[in-house]
Amino acid sequence: MLQGGPGYATPLDAMSGPRESLLYVTCVYNGTGNGKPDFLATVDVDPNSPTYSKVIHRLPMPYVGDELHHSGWNACSSCYGDPSATRRYLVLPSLLSGRIYAIDTLKNPRAPALHKVVEPADILQKTGLAYPHTTHCLASGDIMISCLGDKDGNTKELGFLLLDSDFNVKGRWEKQGQSPLYGYDFWYQPRHKTMISTSWGAPAAFTKGFDLKDVSEGLYGRHLHVYSWPDGELKQIMDLGNTGLIPLEIRFLHDPSKDMGFVGCALSSNMVRFFKTPDGSWSHEVAASVKPLKVKNWILPEMPGLITDFLISLDDRFIYLSNWLHGDIRQYSIQDPKNPVLTGQVWVGGLIQKGTSVFAEAEDGEVYQVETPVIKGNRLRGGPQMFQLSLDGKRLYVTNSLFSAWDRQFYPEMLEKGSHMLQIDVDTEKGGLTINPNFFVDFGLEPDGPSLAHEMRYPGGDCTSDIWI
C-alpha cells in the first residue's frame, strides 16, 4: 500500500517502523520554585550516537507557570488516508495556565521550534473551557483536547475543545449540555462509532495536592462517559463504583475492529476492561488488580499502588502499567483480555524502597523494603509514572513525575533533585522486564536547575498518540 498521510496503515505495520532515535519530553519547572518556564526536551535515544541518553536540546516556553503535562500531534495514523496531512506539530496543552502550544518538529527534529500559542482567553471566551489535558488528532484534520474544568477549577463547565488545523479555536466537540461529569483522558474507536472519556477530578481539588477527604466529598470521579463518534452525543455514563476510583488513562485495543479496551483506575489500583454488549451498550469488569500494601510510617495504614499510566503494545498482546507509589512496573499478557496474566515485574523506585522510612508488612507480619538498583551511579528517585513503548514493543521508556503538586506531596526529594528517565528492556516472547543499566537521563542536572519530566513522544508517532480508523 502506498503511503498517503502520516503514520502507518495498520498497528502491525507500525511495529515494523524505524527504531526510535529521539524522544520529546515535557519538562516542568512550575511548582518547583525556581521561577523558570517549562520546556520541551529532546532526548537522544540512539545507542550508536555519542550523545545517547542525553538531553540534546531544550525549547523553553515563553511564559512561566504553565505546567506542561501531556502532548499529542496535529496529525497521526488516523489521517493516513489523507495525502495532504503531515505530522508536523506537537501539541502541548498547559494544564494550569490553559495555554496550548504548537511546536514545529519538522524543520529540525532535533531542535523543535515554537510555531503558535493558543491563548487561554481566546479558549475561555469561545468555549468556557480551561485546564486542557489530552490531545488527539482527528481524521478531519481538527485537533480535539479534553478540558477538565472552568477558569475557577470547577466542573460545572468542562468538555472537549476543537481546534482547526491552523490551531484556531472552533468551539466544543460535544453537543450542548452533554458535558462529562469529570474530565481527563479519552480515546475513540471510529468503526464502533464510540468515544469514551475518563474522570480525574475537579481542578480546584487536585491542583492543591491529594486529600482523601476530597474523594468522599465527590471531588474525584469514578465514571466512564460513552459518546457517539463523531457527533458528540453522550449515550451512557458507566459508574465504576469503588473498584474504579479515579479512572485515568484509557486505551481501546489498537485493532480498530475491536470493541473493547482498558482503563487504569488510580486510587482503586485496578485495570478495568470495558466492552460492548450484544444490545449495543457498554459494560465493564475488573480485569487485574494491584493489592494495597500494609505499611508502617506512612500517612495511611494501607498504600495503594496508584496506577497512573499504562499502555498497550501495538499488537494488542501486552499491557504495561506503573504503580507510582509502590514503585513497580508490571507487564501483563492480554492474549485473553478477560484474564490478564502477570508476565513481568521490575522495581524502579517507590515509597518502600530501601533507604526510606516506610516499610511494607507481609502477610506473616514480617516487615520489608524493596531493593532497587543503582543505575549509572544514581539511586532511583520517585516512582514509575509516564511510559512510552518502542514501536516493536522491545523498549519501554519511563519517567517519574506525575504532577508538580503531587510530586511535592509524595516525593519531595524529586523537587530538589529532579526527575529521571529510564529504559526497560522487554522480553516480547516469554514476557519479562529488565532495566537497561546503560541508560539514565538525569533531569536533576539541567542547566536551569532540577526539572520534572513527564510525557514522552517520538517524532513519528507511538502507541499512545496514534489511532487507526
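Residues numbered from 1 in each chain as written. Predicted model: local features only at pLDDT ≥ 70, side-chain atom pairs only at ≥ 80, totals over all residues. Heavy atoms only, no water.

### Focus: the overall build of the protein chain
- Assigned secondary structure in the protein chain consists of six helices and 35 strands.
- Taking 23 Å as the expected radius of gyration for a compact globule of 469 residues, we find that the protein chain reaches 20 Å, a close match to that expectation.
- Taking the principal axes of its C-alpha atoms as reference, the protein chain extends roughly 60 × 55 × 45 Å.
- Per-residue burial over the protein chain gives 62% buried out of 469 residues.
- The long-range fraction of contacts in the protein chain, counting pairs at least 24 apart against all pairs at least 6 apart in sequence, stands at 58%.
- Of the accessible surface of the protein chain, which amounts to about 17200 Å², a share of 50% is contributed by carbon and sulfur atoms.
- Here the protein chain contributes 42 positively and 54 negatively charged side chains, and the mean placements of these two sets differ by 1 Å. (Helix = DSSP H or I, 4+ residues; strand = E, 2+ residues; numbered from the N terminus. Rg over C-alpha atoms; globule rule 2.2 N^0.38 Å. Buried < 20%, exposed > 50% of the residue type's maximum accessible area, 1.4 Å probe, protein only. Contact = heavy atoms within 4.5 Å. Areas by Shrake-Rupley, 256 points an atom, 1.4 Å probe, with all protein chains shown as cover. Lys, Arg positive; Asp, Glu negative; His and termini not counted. Charge placed at Lys NZ, Arg CZ, Asp CG, Glu CD.)

### A word on the state of the cysteines
- Under the criterion given, the structure shown has zero disulfides.
- The closest cysteine sulfur to the non-disulfide-bonded Cys79 is located on Cys137, 4.6 Å from its own sulfur. (Disulfide = S-S within 2.5 Å.)

### As for the packing of aromatic side chains
- One pass over the structure, following the stated rule, counts 25 aromatic pairs.
- Considering the side-chain rings of Tyr397 and Phe439, the 5.6 Å spacing of their centres and the 70° angle between planes classify their relative orientation as edge-to-face. Remark: Phe439 occurs in the loop between strand 33 (433–435) and strand 34 (441–442) and Tyr397 occurs in strand 31 (residues 395–399); sequence separation between them is 42 residues. Judged on exposure class, the residue Tyr397 and its partner Phe439 are both buried.
- Among the aromatic residues, ring-to-ring pairing joins Tyr184, Trp200, Phe206, Phe210, Tyr220, Phe403 and Trp406 into one connected group.
- In this arrangement the basic side chain of Arg99 is found over the ring face of Tyr63, its NZ or CZ atom lying 3.7 Å from the centre.
- Above the plane of the ring of Phe310 lies Arg251, whose end atom (NZ or CZ) is 5.5 Å from the centre. (Phe/Tyr/Trp six-rings, centres within 6.5 Å; stacked < 30°, edge-to-face > 60°. Lys NZ or Arg CZ within 6 Å of the ring centre and 35° of its normal.)

### Here's the deal with the sheet that holds strand 14 (residues 223–228)
- Within the open sheet, the four strands sit side by side as 12-13-14-15. Their pairing is antiparallel. A strand with exactly one partner marks an edge of an open sheet, and here the two such strands are strand 12 (186–189) and strand 15 (234–239). This sheet shows a mean twist of 20° between the axes of neighbouring strands, independent of strand direction.
- The sheet contact formed by strand 13 (residues 194–197) and strand 14 spans four bridges and is antiparallel. In the sheet register, Ile196 faces strand 14, and the bridge partner there is Val226. (Pairing = 2+ DSSP bridges. Axes fitted to C-alpha atoms, helices over the stretch in contact; angles between N-to-C directions.)

### Details of the nonpolar core
- Within the largest apolar cluster, 37 residues are counted, with the highest numbers of intra-cluster contacts made by Trp200, Tyr220, Trp324, Leu325 and Trp406.
- At the level of secondary structure, the elements contributing two or more residues to this core comprise strand 8 (130–137), helix 3 (203–206), strand 20 (293–296) and helix 5 (404–410).
- Those residues within four positions of Trp406 in sequence are excluded, and the remaining contacts are Trp200, Phe206, Gly209, Phe210, Tyr220, Trp324 and Tyr411.
- Among the nonpolar cores identified, the runner-up in size contains 25 residues, and Ile329, Val348, Leu396 and Ile424 belong to it. (Core = buried A, V, L, I, M, F, W, Y, C linked by side-chain atoms within 4.5 Å.)

### Considering the side chain of Asp442
- Within the fold, Asp442 resides in strand 34.
- Of the polar contacts made by the side chain of Asp442, one reaches the backbone nitrogen of Gly444; its length is 2.8 Å.
- For Asp442, the residues in contact, after removing those within four places along its chain, are Asn378, Arg381, Lys417, Ser419 and His420. (Polar contact = N/O pair within 3.5 Å; in protein donor to acceptor, adjacent residues only side chain to side chain.)

### A word on the pattern of salt bridges
- Inspection of the entire model under this criterion finds 28 salt bridges.
- Close ionic contact of Lys151 with Asp152 constitutes a salt bridge, the shortest N to O distance being 3.4 Å.
- The partner of Arg251 in a salt bridge is Asp309, with the nearest N and O atoms 3.1 Å apart. Of the two residues, Arg251 is situated in strand 16 (residues 247–252) and Asp309 in strand 22 (residues 307–312); the sequence distance between them amounts to 58 residues. Just as Arg251 is buried, Asp309 falls in that class too. (Salt bridge = Lys/Arg side-chain N within 4 Å of Asp/Glu carboxyl O.)

### Description of the sheet that holds strand 2 (residues 39–44)
- If you walk across this open sheet you meet the four strands as 3-2-1-35, and the pairing is antiparallel. On the outer flanks of this sheet lie strand 3 (54–60) and strand 35 (452–457), each paired with one strand and no other. Neighbouring strand axes in the sheet, compared pairwise and without regard to direction, differ in orientation by 30° on average.
- Alignment of strand 1 (residues 22–28) against strand 35, held across four bridges, turns out to be antiparallel. Within strand 35, the residue paired with Val28 across the bridge is Leu452.

### Regarding unusual backbone geometry
- The residue after Trp229, namely Pro230, is reached through a cis peptide bond having omega 10°.
- As for its placement among the helices and strands, Pro230 is situated in the loop between strand 14 and strand 15.
- Phi is positive for Phe167, close to 70°, though the residue is something other than glycine.
- For Phe167, the location among the structural elements is in the loop between strand 10 (159–163) and strand 11 (169–172).
- What makes Phe167 buried here is its relative accessible area of 2%.

### Observations concerning the pairing of strand 31
- Within strand 31, five of the five residues are buried, which leaves it mostly tucked inside the rest of the structure.
- A two-sided burial pattern is seen for strand 31, the buried positions comprising Arg395, Tyr397 and Thr399 on one face and Leu396 and Val398 on the other.
- Pairing of strand 30 (residues 387–389) with strand 31, which is carried by three bridges, proceeds in the antiparallel orientation. Bridge pairing links Gln388 to Tyr397 in strand 31.
- In this antiparallel pair of consecutive strands, strand 30 and strand 31, the connection spans five residues, and Gly393 shows a positive phi of 85°.
- Pairing between strand 31 and strand 32 (residues 420–426): five bridges, direction antiparallel. Paired with Val398 across the bridge in strand 32 is Leu422.

### Digging into helix 2 (residues 120–127)
- Looking only at helix 2, the buried set comprises Pro120, Ile123 and Thr127. Around the axis of helix 2, the buried residues are gathered within 65° of arc, so they sit on the same side. More than 90 degrees from the buried face of helix 2, the exposed residues found are Ala121 and Gln125.
- The inward-facing, buried residues of helix 2 abut strand 6 (100–104), strand 7 (113–118), strand 10 and strand 11.
- The positive-phi residue at the C-terminal boundary of helix 2 is Gly128, with phi of around 80°. (Arc of directions from axis to C-beta.)

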